[in-house]
Amino acid sequence: MKKIYFMIAMSLLATGAVAGEVVTYDASLPLARKSFRDRTAVARGMSTRASSTSSSLPENGWGYNCGIYNWNGYQNQVSDFRMATGFTGDVLESISGKTLSEVAIVAPALTNSKVQSMEMTLFVTNDLDGTPIVEVPYTTTGCPFDEDGYIIDQYDVIELPEPIVIDGSKPLYVGVKSPEVAKNNYPIPFDGVPFDGEGLLTSTGGKAWENETEYLGSLCLYLGLDEMPVDMARILSGSFQKQANVGDELSGDFEVYNIGGNDLSSAAFTMQLGTEPSVNILCTPDNGHLLGFNYTTYEYEPGIILSRDYGVAEITGFPVTVSGVLSLTCSLSEVNGKANAWGNAPQEQSLLVLPEGTGYPRTVVVEEGTGLWCGFCVRGYVGMEYMAAKYTDGSYIGIAAHSGDPMESPTYAEVVERYFDGFPSAMVNRMDEEDPSAEDLEAAYLKSVAMPSYGKIDMSIKGISDSDMLSLVTTSEVVIPGNYAVAFALKEDGVGPYKQHNYYAGGAYGEMGGFENEGEVVELMFNEVARSIYNPFGIEGSLPDNMETGVPYEFEYDIPLAYSTDDTAQYKVVDREKSYVVAMLLDTNTGYIVNAVQLPLAGVKVNDVEQASATRAIAGRGVITLSGDQGAVVYTADGRVAGRIAANGQLSVAPGIYMVNAGSDTFKVVVR
């Protein structure tokens with residue numbers, strides 16, 4: 001049985017501008033991507049509790065959007081606003097010949113207190129820039145708000161003057177427009193499930209239409225049809241593991257949305273690994289691999305998936321027969337024994353397959369995205385503390401990357417920017433994003449540590465110089481030839497105290513390691529705080545190109561024990577008795593952390609160790625950091641002086657390629 005989580009308190013994702021207000025929504029649908037997530041920095045320090053009222057969709061409403069994820073809008077007033085959904089290809093063919101009599105669209109979120117209503121016009125057309133088939137003006141009062149000021153989603157249902165028979169030989173676009181959208185109003189409801197199509201098209205100020213489907217998914221709009229299309233469903237999310245061995249059988253879960261007007265009782269998936277012959281796998285309630293949602297137990301159980309509802313398909317027994325870095329594709333090819341009318345691109349991921357009997361013991365690295373402003377991040381605090389206390393044999397390494405608070409590391413910011421789209425969150429070996437609850441982290445760790453790694457890395461500490469430079473030596477080895485690099489991270493325990501926001505106060509979201517008994521702000525000491533990383537995505541030249549299988553490669557490097565929490569040259573030195581250095585072997589093609597090792601600095605004596613290099617230049621996000629006992633001159637790629645850096649200092653620069661000249665040493669760095 002599958003346990004379900006509800007998505008609560010999503011903050012606004014604004015396109016082209018950061019919203020002035022946060023609009024939240026309680027997605028009272030049976031499945032969501034993640035639970036309890038502050039999605040953007042807009043939500044920092046703000047309460048994002050939401051109401052629990054569901055929408056009332058007309059019975060004859062058909063659409064392929066998958067439930068309201070959020071509303072999108074504009075920080076400033078815009079004119080000539082238009083948005084639409086396109087119906088083309090197999091989807092259009094499935095509704096061809098059917099009669100369209102009305103359209104239901106989720107009403108806008110009118111959060112501007114000076115605006116009580118909004119004039120809009122529904123349009124149906126075969127050409128977004130041509131003459132519409134029909135236009136229907138209407139006035140919307142937007143979605144209502146509950147007594148606490150949170151949105152209750154509601155549909156505007158617009159009847160057409162005369163029914164339209166859909167002509168499948170021409171593209172069909174259905175949308176709405178308005179001469180003006182006031183600032184801080186949000187007229188675009190979207191489902192947040194991207195796909196290869198025209199789910200959400202927008203235009204303002206007479207500009208060309210933009211397809212935002214890749215980022216926001218589909219417009220929450222339904223067609224009132226005389227007859228529902230049947231036997232169609234789409235995969236919303238899910239995947240297999242990222243690594244396996246020859247001889248394994250893969251298993252995975254896929255979240256499925258039944259778009260059809262009939263119940264879904266069987267789903268056939270077509271799987272293909274590389275150029276190997278495809279394999280068809282059938283999921284039904286009878287074989288236990290098709291799960292519908294039970295609204296009594298709030299769990300997924302073997303059964304049918306109701307029309308316009310969610311379910312889970314479990315894929316098992318898919319054979320792995322060849323090794324290498326291979327593409328793995330999955331398409332939902334048949335519904336109820338018939339070709340699936342939802343004909344979008346298949347799900348695709350890469351799978352690294354090790355030759356049979358090879359591999360190394362794996363150390364699992366969890367990088368957590370967190371911040372003091374994030375009230376749900378106490379869940380990550382509890383989860384990371386749990387993991388660190390339970391798994392002490394070296395097979396687990398936790399690193400807490402703070403953002404937007406006094407513990408933020410400028411050098412780690414690029415990792416946060418690339419991998420985290422919301423907080424709290426965690427990346428496991430930079431392969432999979434997980435919720436950082438103790439339950440989810442432990443499950444992800446146990447799954448990952450059981451898989452052999454395709455590389456290993458060992459590390460020794462040569463010593464610490466009297467200028468607080470840490471000299472390190474690593475030895476790396478891989479099973480599969482390829483491009484790899486080494487990265488080093490410093491982390492520190494016992495940091496604080498700092499005041500952490502706590503949305504679990506008073507038991508609002510259930511038990512959470514005792515935080516339900518604390519106040520809305522809790523003073524805490526923090527462990528595993530990321531202080532610095534060299535280089536976030538691998539030190540250039542640390543390992544040779546195309547490493548050979550089974551050959552050990554040694555690398556010497558020095559890192560400063562000094563760190564900064566902003567973009568200035570104000571540095572502090574870690575407390576060695578509470579700090580650790582982590583060496584990571586990175587696959588530069590995939591970005592994965594192949595393996596890692598961690599050593600404590602406690603007890604390491606200061607000595608006159610001969611360092612691998614007296615000076616190092618390291619690129620961070622918008623900064624160049626210089627380590628060593630001499631300053632440097634920084635030049636742009638075309639030879640102009642960009643600035644000077646003092647010894648152990650830092651220089652803020654624009655993104656680009658720079659040459660750093662420090663005495664007899666010259667370094668080329670790329671700043672992003």
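What you see is a predicted model, and the numbers here were worked out from it, not measured in a lab.

A few points about the overall build of the protein
Helix and strand counts for the protein stand at five helices and 46 strands. A total of 672 residues make up the protein; the buried ones form 57% of that total. Expressed as a percentage of contacts within the protein between residues at least 6 apart in sequence, the contacts between residues at least 24 apart total 74%. Just so you have it, the protein exposes about 26600 Å², and 47% of that area is on carbon and sulfur atoms.

Details of the state of the cysteines
Per the stated rule, a full pass over the model turns up one disulfide. With its sulfur 2.3 Å from that of its partner, Cys 374 forms a disulfide with Cys 377. Here Cys 374 and Cys 377 share a disulfide; its torsion about the S-S bond, 90°, makes the bridge right-handed. On the basis of relative accessibility, which here comes to 0%, the residue Cys 374 falls in the buried class.

A look at the side chain of Thr 202
With respect to the element layout, Thr 202 can be found in strand β11 (residues 201-203). Within the local environment of Thr 202, its side chain forms a polar contact with the side chain of Glu 212, the two groups lying 2.5 Å apart. With sequence-adjacent residues up to four places away left out, Thr 202 is seen in contact with Arg 82, Met 83, Ile 188, Ala 208, Trp 209, Glu 210 and Glu 212.

Brief notes about the environment of Asn 126
By secondary structure assignment, the location of Asn 126 is in the loop between β6 (118-125) and β7 (134-140). Residue classification places Asn 126 among the partly exposed residues on the basis of a relative accessible area of 26%. Measuring from C-alpha to C-alpha, the distance between Asn 126 and Tyr 173 comes to 5.9 Å, with 47 residues separating the pair along the chain. Apart from the residues lying within four places of it in its own chain, the contact partners of Asn 126 are Ile 133, Lys 170, Pro 171, Leu 172 and Tyr 173. Separated by 2.9 Å, the side chain of Asn 126 and the backbone oxygen of Pro 171 make a polar contact.

A word on unusual backbone geometry
The omega torsion of the bond from Phe 423 to Pro 424 falls at -5°, within 30 degrees of zero and hence cis. Here Pro 424 lies in the loop between α4 (413-419) and β27 (425-428). Note that the residue after Gly 496, namely Pro 497, is joined by a cis bond; omega there is 5°. Take Pro 497: it is sitting in strand β32 (residues 495-501). Positive phi, normally seen in glycine, also occurs at Asp 231, with a value near 55°.

Here we look at helix α5 (residues 438-449)
Its twelve residues place the ends of α5 16 Å apart at the C-alpha level, agreeing with the 16 Å of an ideal helix rising 1.5 Å per residue. Among all positions of α5, only Asp 440, Leu 441, Glu 442, Ala 444, Tyr 445 and Ser 448 are buried. Along its buried surface, α5 packs onto β25 (364-370), α3 (378-390), β26 (396-402), β27 and β28 (432-434).

Let's talk about the environment of Gly 649
Inspection of the secondary structure assignment puts Gly 649 in the loop between β43 (641-645) and β44 (650-652). Under the relative-accessibility criterion, Gly 649 is labelled buried at 4%. Distance in space between the C-alpha atoms of Gly 649 and Ser 564 is 9.7 Å, their sequence separation being 85 residues.

Here's the deal with the side chain of Glu 368
With respect to the helices, strands and loops of the structure, Glu 368 is situated in strand β25. Of the side chains bearing the opposite charge, Arg 379 lies closest to the buried Glu 368, which forms no salt bridge; the N-O distance is 8.8 Å. Setting aside residues up to four positions removed in sequence, Glu 368 forms contacts with Cys 377, Gly 380, Tyr 381, Met 384, Ile 399, Ala 400, Ala 401, Phe 420, Ser 425 and Ala 426.

Looking at a nonpolar patch on the surface
Taken together, Tyr 295, Ile 304 and Leu 306 make up a surface patch of nonpolar side chains, about 270 Å² in accessible area. Relative to the assigned elements, Ile 304 resides in the loop between β20 (299-302) and β21 (310-319). Using a relative accessible area of 39% as the deciding quantity, one classes Ile 304 as partly exposed.

Considering the packing of aromatic side chains
Across all of its chains, the model carries 29 aromatic pairs by this definition. Consider the rings of Tyr 391 and Tyr 445, whose centres lie 4.2 Å apart with planes at 45°: the pair is tilted. Linking Tyr 391 in the loop between α3 and β26 with Tyr 445 in helix α5, this pair joins segments that are 54 residues apart in sequence. An identical accessibility class is assigned to Tyr 391 and Tyr 445; each is buried.

Digging into the nonpolar core
Ranked by size, the top nonpolar core spans 65 residues in total, and within it Trp 62, Phe 87, Ile 95, Leu 122, Val 174 and Leu 223 carry the most contacts. The residues touching Ile 95, leaving out its near neighbours within four places in the chain, are Trp 62, Phe 87, Ile 166, Leu 172, Leu 223, Leu 225 and Pro 229. If you look at the next biggest cluster of nonpolar residues, it comprises 40 residues, including Val 416, Phe 420, Met 427 and Leu 586.

Each value, and the rule that gives it
Residues numbered from 1 in each chain as written. Predicted model: local features only at pLDDT ≥ 70, side-chain atom pairs only at ≥ 80, totals over all residues. Heavy atoms only, no water. Helix = DSSP H or I, 4+ residues; strand = E, 2+ residues; numbered from the N terminus. Buried < 20%, exposed > 50% of the residue type's maximum accessible area, 1.4 Å probe, protein only. Contact = heavy atoms within 4.5 Å. Areas by Shrake-Rupley, 256 points an atom, 1.4 Å probe, with all protein chains shown as cover. Disulfide = S-S within 2.5 Å. Polar contact = N/O pair within 3.5 Å; in protein donor to acceptor, adjacent residues only side chain to side chain. Expected span 1.5 Å × (residues − 1). Lys, Arg positive; Asp, Glu negative; His and termini not counted. Salt bridge = Lys/Arg side-chain N within 4 Å of Asp/Glu carboxyl O. Patch = residues over 30% accessible without salt bridge, like charges linked within 9 Å, V, L, I, M, F, W, Y side chains within 5 Å. Phe/Tyr/Trp six-rings, centres within 6.5 Å; stacked < 30°, edge-to-face > 60°. Core = buried A, V, L, I, M, F, W, Y, C linked by side-chain atoms within 4.5 Å.

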